[in-house]
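Structural characterization, general
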Amino acid sequence: NAGVTQTPKFQVLKTGQSMTLQCAQDMNHNSMYWYRQDPGMGLRLIYYSASEGTTDKGEVPNGYNVSRLNKREFSLRLESAAPSQTSVYFCASSDASHRGYTFGSGTRLTVV
Amino acid sequence: GNSVTQMEGPVTLSEEAFLTINCTYTATGYPSLFWYVQYPGEGLQLLLKATKADDKGSNKGFEATYRKETTSFHLEKGSVQVSDSAVYFCALSQAGGTSYGKLTFGQGTILTVHP
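In this text, all values refer to a predicted model and were calculated from it rather than measured experimentally.

1. Looking at the overall build of chain B
Helix and strand counts for chain B stand at zero helices and twelve strands. Going from N to C terminus, chain B has its helices and strands arranged as β-β-β-β-β-β-β-β-β-β-β-β. A compact globule built from 115 residues should have a C-alpha radius of gyration of about 13 Å, and chain B, at 14 Å, falls within 12% of that. Seen along its three principal axes, the alpha-carbon backbone of chain B occupies a region of about 45 × 30 × 20 Å. Put simply, chain B has 115 residues, and 44% of those count as buried. Considering only intrachain contacts with a sequence separation of at least 6, the fraction spanning at least 24 residues in chain B is 57%.

The following block contains the structure:
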């Protein structure tokens, strides 16, 4: 099935640990995004990649890094996890018109 | 910068009631407008969209009209069902400038429909 695949679905980290969230899309989309969802705040953009080889900061980039490995894959890394990074993380991709977005099913991350 | 404001929730309705969820936006130019729905434990799904003024997006009995004069994109459904219980997000995207391609979301409105 075409779409956006995120792994893992759930993760518990201790403060200070690192991890990478993986995202892959098979729709040949140029643009990919990482959002975090927190109660009462909607989704906020962490980083995005307009095309293969480019990445840019979004609204809340502090504490995160990203890699656009190729056109299909866009990973999000937490180098030293903090409790404030407890959230649900969504990856998304969009076509060239930016009028059609597809979201992954999310990663629920808890930092203790 | 761009922003989206949704009505405060949660919204609780009885089955077959009329639903309105208000959404207003701030943006320059002509953004595209979206409603996304998130069912419990799932990711976001596109519900409907409109890409220019006076366009009406519709899907699954839901509809919303792009009103540039009032900068609004209110979501409506004539008769809700229990299966419509979910979180609804209004969002916009804008081509050009530093906002190119990025979605700006409202805070989400929780809808609960009782039998």
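Moving on from the coordinates now.
2. Comments concerning the layout of surface pockets
There is about 680 Å³ of room inside the largest pocket. Along its surface, the largest pocket is lined by 33 residues, and Gln37, Val88 and Arg108 of chain A together with Gln38 and Val87 of chain B are the ones closest to its centre. Secondary-structure elements contributing two or more residues to the lining of the largest pocket are β9 (87–94) and β11 (107–111) of chain A together with β10 (86–93) and β12 (109–114) of chain B. Reported here for the second largest pocket is a volume of approximately 270 Å³. Looking at the second largest pocket, it is lined by 17 residues, and the ones nearest its centre are Leu45 and Glu59 of chain A together with Asn2, Leu103 and Thr104 of chain B. Broken down by secondary-structure element, the contributors of at least two residues to the lining of the second largest pocket are β5 (43–49) of chain A together with β10 and β11 (103–105) of chain B.

3. Some thoughts on the interface of chain B and chain A
Contacts between the two partners involve 19 residues from chain B, matched on the other side by 18 residues from chain A. Carbon and sulfur atoms supply 57% of the area that chain B and chain A bury against each other, a total of about 1500 Å² over both sides. Of all residues in chain B, the largest losses of buried area upon contact with chain A belong to Leu44, Lys102 and Phe105 of chain B, amounting jointly to 29% of the total for that side. Between the two partners, chain B and chain A, sit zero salt bridges. The interface formed by chain B and chain A holds three residue pairs in polar contact (both at pLDDT 80 or more) in total. Put simply, the parts of the chain that give the side of chain B that touches chain A at least two residues each are β5 (32–38), β6 (44–50), β10 and β11 of chain B. Ranked by residues supplied to the side of chain B that touches chain A, first place goes to β5 of chain B with four residues. Residue composition of the side of chain B that touches chain A, grouped by class: seven nonpolar, nine polar and three charged.

4. So, the sheet that holds strand β7 (residues 64–68) of chain A
All names here are of chain A. Strands sit in the order β1-β3-β8-β7 across an open sheet of four strands; the sheet is antiparallel. Where the open sheet ends on each side, the last strands, each with one partner, are β1 (4–7) and β7. Strand-to-strand twist across the sheet, computed as the mean angle between neighbouring axes with direction ignored, equals 15°. Where β7 and strand β8 (residues 74–78) come together, five bridges link them in antiparallel fashion. Within the sheet, the bridge partner assigned to Ser67 lies in β8 and is Ser75.

5. Points about the environment of Asp56 of chain A
Residue and element names in this part refer to chain A. With respect to the secondary-structure elements, Asp56 resides in strand β6 (residues 56–57). Counting along the chain gives 48 residues from Asp56 to Gly104, while the straight-line C-alpha distance between them is 20 Å. Those residues in contact with Asp56, other than ones at most four positions away along the chain, are Tyr47 and Tyr48.

6. Here's the deal with the pairing of strand β3 (residues 19–25) of chain A
Residues and elements named next belong to chain A. For β3, the tally of buried residues reaches five of seven residues, placing the bulk of the element in the interior. Pairing analysis gives four bridges linking β1 to β3, with the strands arranged antiparallel. Bridging from a neighbouring strand, Thr7 pairs with Gln22 of β3. Here β3 pairs with β8 via three bridges, running antiparallel. Note that in β8 the partner of Leu21 across the bridge is Leu76.

Reading the values: the criteria
- Residues numbered from 1 in each chain as written.
- Chains lettered and ligands numbered in written order.
- Predicted model: local features only at pLDDT ≥ 70, side-chain atom pairs only at ≥ 80, totals over all residues.
- Heavy atoms only, no water.
- Helix = DSSP H or I, 4+ residues; strand = E, 2+ residues; numbered from the N terminus.
- Rg over C-alpha atoms; globule rule 2.2 N^0.38 Å.
- Buried < 20%, exposed > 50% of the residue type's maximum accessible area, 1.4 Å probe, protein only.
- Contact = heavy atoms within 4.5 Å.
- 1 Å grid on protein atoms, 1.4 Å probe; cavity = no way out; pocket = protein on both sides within 12 Å on 5 of 7 lines; lining within 4 Å.
- Points joined across faces, edges and corners; volume = space filled by probe spheres on them.
- Buried area = accessible area lost by both parts, 1.4 Å probe.
- Salt bridge = Lys/Arg side-chain N within 4 Å of Asp/Glu carboxyl O.
- Polar contact = N/O pair within 3.5 Å; in protein donor to acceptor, adjacent residues only side chain to side chain.
- Nonpolar A, V, L, I, M, F, W, Y, C, P; charged D, E, K, R; others polar.
- Pairing = 2+ DSSP bridges.
- Axes fitted to C-alpha atoms, helices over the stretch in contact; angles between N-to-C directions.

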